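Residue-level listing of the chains:
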Amino acid sequence: MTDGIFIAIGIFTLLCGSSVILCKSPVYSAFSLILSFFGLAGLYILLESPFIAVIQVLVYTGAIVVLFVYVVMLMNPNSSGAYRNWIFMIVSAFLAWAVSLYLLKALTLGVAPAVGGAHALSLKEVATLLFTKYLWPFEILSIFLVVMIVAVFALAKQSKETPNE
Amino acid sequence: MNAIYEYFFLPLSPVLALVFAGLLLIVLECVSEEGLKPLKSTVAFLGPLISLYYVFQLSFTSGLAFSDPSSLTGPVWLVEFTKIYKLDGMTLNFFWAIDVFLLLTLLFFHSFYEEWLERNELLILIEFISVGMMILVSANDLLMLFLGLELMSLPTYVIVGFRRENVKSCEAALKYFLFGSFGTVLLLLSVAILYGQFGTLKTGQLQFLLAQTSNLSNPAVLVSLGLMLAAVGFKIGMTPFQMWLPDAYEGAPTSITGFMGSAVKLASFGLAIRIFGGVFLPLAEKWMGLMSWFAVISIFVGNLCALRQKNLKRLFAYSSIAHAGFIILGVAALPKDAQSQQMIYYYLVTYGMMFLGVFAFLNLMEQNGKSLEFSNLSGLGFRNPVLGIALAIFVFSAAGIPPTAGFFAKYFILFESVKTQGVLFAVLAVISSAMGIYYYLKVIVHLYMQDASGGSKLAVQSTSTYIAILICAASLLFFSIFPGRLGVF
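Overview of the structure. (Residues numbered from 1 in each chain as written. Chains lettered and ligands numbered in written order. Predicted model: local features only at pLDDT ≥ 70, side-chain atom pairs only at ≥ 80, totals over all residues. Heavy atoms only, no water.)

Take the layout of surface pockets next. Residues and elements named next belong to chain A. Taken as a whole, the second largest pocket holds about 350 Å³ of empty space. F6, I7, G10, I11, T13, L14, L40, L43, Y44, L47 and S100 are the residues that line the second largest pocket. Contributions of two or more residues to the lining of the second largest pocket are made by α1 (2-22) and α2 (26-46). Counted by class, the lining of the second largest pocket contains eight nonpolar, three polar and no charged residues. (1 Å grid on protein atoms, 1.4 Å probe; cavity = no way out; pocket = protein on both sides within 12 Å on 5 of 7 lines; lining within 4 Å. Points joined across faces, edges and corners; volume = space filled by probe spheres on them. Helix = DSSP H or I, 4+ residues; strand = E, 2+ residues; numbered from the N terminus. Nonpolar A, V, L, I, M, F, W, Y, C, P; charged D, E, K, R; others polar.)

The next thing to look at is empty space enclosed by the protein. Residues and elements named next belong to chain B. Considering all chains together, one arrives at nine cavities of 30 Å³ or more under this definition. Computed from the structure, the largest cavity encloses a volume of approximately 160 Å³. In terms of lining residues, the largest cavity is bounded by 17 residues, among which Y176, K235, W244, V264 and S268 are the most central. Counting only elements with at least two residues in the lining of the largest cavity, the list comes to α6 (142-160), α7 (167-198), α10 (219-236), α11 (244-251) and α12 (254-279).

With that settled, the discussion passes to the environment of S268 of chain B. Residue and element names in this part refer to chain B. Here S268 is to be found in helix α12. The class of S268 is buried, set by a relative accessible area of 2%. With 33 residues separating them in the primary sequence, S268 and K235 have C-alpha atoms 6.2 Å apart. Once residues lying within four places of it in the same chain are set aside, the contact partners of S268 are M152, K235 and I236. (Buried < 20%, exposed > 50% of the residue type's maximum accessible area, 1.4 Å probe, protein only. Contact = heavy atoms within 4.5 Å.)

Three or more residues of helix α8 (residues 203-211) of chain B are buried, namely T203, L206, L209 and L210 of chain B. Buried positions in α8 of chain B, seen along its axis, are confined to an arc of 130 degrees and lie on one side of it. (Arc of directions from axis to C-beta.)

With that out of the way, let us pick up the pattern of salt bridges. All names here are of chain B. Following the criterion strictly, the structure yields nine salt bridges over all chains and no others. Between K175 and D247 there is a salt bridge whose closest N-O contact spans 2.8 Å. Taken as a pair, K175 in helix α7 and D247 in helix α11 lie far apart in primary sequence, 72 residues in all. Judged by its relative accessible area of 26%, K175 is partly exposed. By relative accessible area, D247 is classed as partly exposed at 22%. Three or more residues joined by partner-sharing salt bridges are found here, namely K168, E171, K175, D247, E250 and R314. (Salt bridge = Lys/Arg side-chain N within 4 Å of Asp/Glu carboxyl O.)

Shown next, in the form of structure tokens:
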């Protein structure tokens, strides 16, 4: 049963992933990306970590791909002039495939299969970890966000010498 | 409470001083009172000064409670903090260098305060970039390493593109951003593979696990190593990954290029030391030879490309690739001789002083943001003897001619390389630097042996930049006589 679902979701994700690259229109690519992220979320649920699945949908589909679509709509890129070098694509696809195959060999050698394997983290456990064990990295992230707000402000602010027409 | 002071605030004080200075600047930014301008620059200067004070204080205090956290009983986050924050002599040295570079850079900015009156964000960003560097060089954990790297890099991309009206500046920022992000992605992938394999991000634990023979030929470890080599290569400008560097250095506002070439480069090599002198130390056999070849190729590419340059900014950008090659040679010597760390540090700081000095000088000469060429320098040595001598010292140091610090930096690195890797790489490096002397001497020729008619005058008169240039030049002479005085350890 689980195997069947896994194969179905896997094929779905792969199809959506390839249509991201193969679609001529950037908008179609962006929407295929959303679908493939949903497929990935399904895989996470199969791995018994619903939290990561939810985060995946929230962050990637909710925030990042929406940004993609916005950019595509604002820029209105010319889809016919898309750069497409078939030899380059095939070679890089082959390389990615070879490296992944090589990496798969490591599955049997791992020292700590504990990552996600033993039990899935619940929302409460993640929150507890964030405010106890990982408090300092979490604080750094807060500094990081403040700095990025300042940086965006610096980029977006109109300077007096060069008013935007 | 006491435990929190001893194990958190005290060891972290150099970083916290900068954080508070940055936050205070943000608050001050909300008040648009004209009279606050001097206060803002005072706060900006006080941050690194106080930080420097704490660095010295920490280095003089022996038997710090933090250095032996085994007896600590406190909150979970505090125990975890003592594991992911590494405070040793090298870290304090790097803190010292970051503070000094930040102070010198602020001195240059100070003179351009009028010009950039509306751009106070620059001060805020540069304080926080330094915070990121400190977190990066003190990280004992790959998560902190990544956070520090991002806190350093992202604001740097922004300040490279600070002059939005300038097309070259925007192009440089975009290129730097794309290549930098690509490097970051590779680093993240490498870290993720390591975590998936071993379930830990602590440097010490990873090093212990990697040292076990069964892991030496583990495919995941090898792929992770390759990705990390490329990622670090992107960050430090190693040759197959150096394409972004000349454009980014040329397009950025000149004073910011100075900061990038000195402080950001220093912190990036801190990353290289933490990764290759730490996590991947047990795999030394796998990467030492490869890295040495990359280093030698970097030196050749940097020097050969610099030969044809007329634009001074671009010339020093290419020469920085060659210098990075030398430092990578030192990194490749790390596994066999831990002393090499000191040599790398010495090279990084003296090179940074040289780079900052040269770019402060270019900043003084540039008119309307137009890049300088050789002909602009003609006869400058007679029109302005002090600046002429300072520039000559910088150029001699870059070329590695005694009695400047640059000679000793190169000497130490070559010494380490010969000691650990044999003479081959050292000979290649020396041949290549000999080629480099040609373009360095061209600067001297234009300074002292050319008719003054073609030269241009100083574009800006600025006391603080003068002071900074003199400090850089004097330190290059001082540290060549007292190499041991560099840093706090």
